[in-house]
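# Report on the structure
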Amino acid sequence: MKLFENAKLSKGAVDFINDDYIESLINAGPSDATKVREIIAKSMEKKPLTVEEASALLNADEKLSEEIFSAARELKKRVYGNRIVLFAPLYVGNYCINNCKYCAFKKSNTEQIRRTLTDEELRQEITALENMGHKRLIMVYGEHPKYDGKYIAHTVETAYGVKVGHGSIRRININAAPMDHENYRIIKAAGIGTYQIFQETYNHKIYAAMHPADTTKGSFTWRLDGLSRAFEAGIDDMGIGALIGLGDWKFDALGLVSHAIYLQKHHGVGPHTISFPRIQPAAGVKMDESKFPNNYEFKKMVAMLRLAVPYTGLILTARESADIRRDLIEFGISQIDAGSRIDIGGYSLLGKTQELKREQFQLGDVRSLDNVVRELAQSGNIPSWCTACYRLGRTGEHFMEFAIPGFIKRYCTPNALSTFTEYLTDYASPETKQVGLKLVQDELKKMEESPMKKELINRLERIQTTDDRDLYF
Ligand code: SAM
Ligand code: SF4
């Protein structure tokens, strides 16, 4: 069944992926050292790279790659400081009309236990998430006529409506199928943050092999154009992604860069985030592992993306192990999930163990939110639940205006410290609280004296001694 046969693509939609050209870039051979250093210098000025430049970084030899790694580390510090934004995924329903070869939710997987959260179950899940200390969610849905714009908007509004103690969900991002303009408008009105669509692979042949032509997801173009339609419908906060390991990882890394450039050029706004999940084992799925990038190649891809799109957030999910996440955070990751459960009802309704029959794939990092927060703080990273920009309308092209020198110091770090102090006051274990409060003090010491610092100190005090919450600059 094709759901969207008559639906319209965005104005002037084009398929901007030229497979032969991307392959020719990948096969160009080892990059010249002078050229690579010039490219690194360009990104250190926070200028986005071209696809050709991005490919030169991917084709750098091991010695030059070390220079790329240190540049990525440095650029991350300059653009993002030492904050890491934390979120949790919430799977709402796993009915699906598609048959993606890699996914346990595919229609042909009859072993999968199917369910959609009822409103009451959704409220219970949100209650459990708020009681852990979460403020930012990504709500995830299979592709099914049940999960149309109206339904997604209803679940988002229900989730925003749950407030337990000092808890509240302040930002809900969406990962769902591409929609038509009308459905996007309905979802936008519910107050969503980022709308994420992963292209899975940008390689046309591999895309066709993974997504049967008689399914909705079988249309490469409908999916590639998905965020352009979202933009036309008023959603200017967009997340792109590729499922790494389906085809050549370099191809998909360059596909991501091409997509970012396309959105920037055609809509004046680049993607807010990029995700690059690596394929994980899943029930009822057998994948050819020959294309899976090893950890070194994966790190190279992350460092390249950091340099190629300086102002775009990079997300690394709990699909990856704790060790890999620890390592990669330095090279450009700005957002991670923690304490995640990806089975429907996993936070409140089910037991503690993972069971593949209820899940989309297997998680690599199952540490609790408190553990992850403590470890981040111990290594000098400020866990942040900040949602100020989106709530003050600093999104899309307005966000880009704010991505300027000094912005982090003035807004992001103080907001990170406020939300971190909320977490430490309301949810942290005594051990985490101790480590965390020390980090907050260390960060305050680094800040120059100013009226804003005074106000921040006052706010941190109020958070710890009163019911005042959600104070942002
Ligand atoms: N059903 C919608 C869609 O396909 O766009 C919504 C998102 S789907 C539930 C979320 C994402 O999970 C997919 O886009 C895909 O990239 C990823 N995914 C699917 N199977 C996976 C696997 N075995 N390992 C890791 N990620 C997987
Ligand atoms: Fe369905 Fe999305 Fe899984 Fe494909 S990736 S089977 S569309 S849930």
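Note that this is a predicted model, so its numbers are computed, not measured.

## Some thoughts on the overall build of the protein chain
Helix and strand counts for the protein chain come out as 19 helices and 9 strands. In terms of principal-axis extent, the alpha carbons of the protein chain reach across some 60 × 60 × 40 Å. Burial statistics for the protein chain: of 473 residues in total, 48% are counted as buried. Residue pairs in contact within the protein chain that sit at least 24 positions apart in sequence constitute 79% of those at least 6 positions apart.

## A look at the site of ligand 1
In the neighbourhood of ligand 1, 21 residues make up the surrounding shell, with C103, F198, Q280, A282 and F361 lying closest. Among the elements of the structure, strand 2 (136–141) and strand 4 (195–200) are those that each provide at least two residues to the shell around ligand 1. Per-element accounting of the shell around ligand 1 gives the leading share, 3 residues, to strand 4. Per-class residue counts for the shell around ligand 1 are 14 nonpolar, 4 polar and 3 charged.

## Digging into the domain arrangement of the protein chain
Domain annotation of the protein chain identifies domain 1 (76–391) and domain 2 (406–465). Distance from the C-alpha centre of domain 1 to the C-alpha centre of domain 2: 28 Å. On the side of domain 2, 20 residues touch domain 1, which itself brings 18 residues to the contact. Elements with a minimum of two residues in the side of domain 1 that touches domain 2: helix 14 (369–378) and strand 9 (382–384). Sorting elements by how many residues they give to the side of domain 1 that touches domain 2 places helix 14 first, with 5 residues. Of the residues contributing to the side of domain 1 that touches domain 2, the split by class is 9 nonpolar, 5 polar and 4 charged.

## Considerations on the packing of helix 6 (residues 149–161) against helix 7 (residues 181–189)
Two numbers describe how helix 6 lies on helix 7: the axes approach to 8 Å, and their chain directions differ by 10 degrees. On the basis of their axis angle, the class for helix 6 and helix 7 is roughly parallel. Packed against helix 6, whose contacting residues are G149, K150, I152 and A153, the element helix 7 presents E182, N183, Y184, I186, I187 and A189 at the interface. Of the residues contributing to the contact of helix 6 with helix 7, the split by class is 6 nonpolar, 2 polar and 2 charged.

## Considerations on the packing of helix 4 (residues 62–80) against helix 12 (residues 295–308)
In contact at an axis separation of 9 Å, helix 4 and helix 12 are set at 50 degrees when each is read in the N-to-C sense. Between helix 4 and helix 12, the angle is such that the two are oblique. Where helix 4 crosses over helix 12, the two elements pack in a sense that is left-handed. When helix 4 is examined against helix 12, the residues S65, I68, F69, A71, A72, L75 and K76 are found in contact with a partner set consisting of K300, A303, R306 and L307. Residues belonging to the contact of helix 4 with helix 12 are distributed by class as follows: 7 nonpolar, 1 polar and 3 charged.

## What about the nonpolar core?
The tendency in soluble globular proteins is for nonpolar side chains to be buried side by side. Residues L57, L137, M139, M304, L305 and L307 are the most contacted members of the largest nonpolar core, which totals 131 residues. Shared between two domains, this core takes at least three residues from each, and those domains are domain 1 (76–391) and domain 2 (406–465). Ignoring anything within four residues of it in the chain, the contact list for L305 reads A253, L256, I274, L314 and G332.

## Looking at the pairing of strand 5 (residues 238–242)
Of all 5 residues in strand 5, 5 are buried, a share of seventy percent or more. Here strand 5 shows a buried face lined by M238, I240 and A242 and a second buried face lined by G239 and G241. Where strand 4 meets strand 5, 5 bridges bridge the pair, whose relative direction is parallel. Its bridge partner being in strand 5, E200 is matched across the sheet by A242. Here 3 bridges tie strand 5 to strand 6 (residues 273–275), and the two strands are oriented parallel to one another. Across the sheet, the residue bridging to G239 is T273, located in strand 6. Taken together, strand 5, helix 11 (residues 249–267) and strand 6 form a β-α-β motif whose crossover is right-handed.

## Description of the environment of S275
Residue placement: S275 occurs in strand 6. Taking C-alpha positions, S275 is 9.9 Å from I333, a pair spaced 58 residues apart along the chain. Once residues lying within four places of it in the same chain are set aside, the contact partners of S275 are Q196, F198, G239, G241 and I315.

## Focus: unusual backbone geometry
With a phi angle near 65 degrees, K46 is a residue other than glycine that sits in the positive phi range. Note on placement: K46 falls in the loop between helix 2 (33–44) and helix 3 (51–58). Even without a glycine there, the phi angle at D470 is positive, about 60 degrees. Relative to the helices and strands, D470 is located in the segment after helix 19 (451–465).

## Overview of helix 13 (residues 322–329)
Where helix 13 is concerned, the buried positions are R325, L328 and I329. On an axial view of helix 13, the arc spanned by its buried residues comes to 100 degrees, and they lie on one face. Lining the buried residues of helix 13 we find strand 1 (83–93), helix 12, strand 7 (313–316) and strand 8 (335–337).

## Points about the pairing of strand 1
Consecutive side chains along a regular strand alternate between the two faces of the sheet. Of all 11 residues in strand 1, 10 are buried, a share of seventy percent or more. The pairing of strand 1 with strand 9 spans 3 bridges and is classified as parallel. If you follow V85 over to strand 9, its bridge partner there is S384. Relative to strand 8, strand 1 runs parallel, the two sharing 3 bridges. Across the sheet, residue V85 finds its bridge partner in strand 8, namely Q335. As paired strands, strand 1 and strand 2 are joined by 5 bridges and run parallel to one another. If you follow P89 over to strand 2, its bridge partner there is I138.

## Topic: the environment of A104
With respect to the helices and strands, the residue A104 is situated in the loop between strand 1 and helix 5 (119–132). Since 23 C-beta atoms lie within 10 Å of it, A104 is described here as buried. Between the C-alpha atom of A104 and that of A153, which follows or precedes it by 49 residues, the distance is 25 Å.

Parameters and conventions
Residues numbered from 1 in each chain as written. Chains lettered and ligands numbered in written order. Predicted model: local features only at pLDDT ≥ 70, side-chain atom pairs only at ≥ 80, totals over all residues. Helix = DSSP H or I, 4+ residues; strand = E, 2+ residues; numbered from the N terminus. Buried ≥ 20, exposed ≤ 12 C-beta atoms within 10 Å, placed from the backbone. Contact = placed C-beta atoms within 7 Å. Near = placed C-beta within 6 Å. Nonpolar A, V, L, I, M, F, W, Y, C, P; charged D, E, K, R; others polar. Domains from an automatic or database assignment. Axes fitted to C-alpha atoms, helices over the stretch in contact; angles between N-to-C directions. Parallel < 35°, antiparallel > 145°, perpendicular 65-115°, else oblique. Left-handed = near helix turned anticlockwise from the far one by under 90°. Core = buried A, V, L, I, M, F, W, Y, C linked by C-beta atoms within 7 Å. Pairing = 2+ DSSP bridges. Right-handed = clockwise from strand over helix to strand, strands pointing away. Arc of directions from axis to C-beta.

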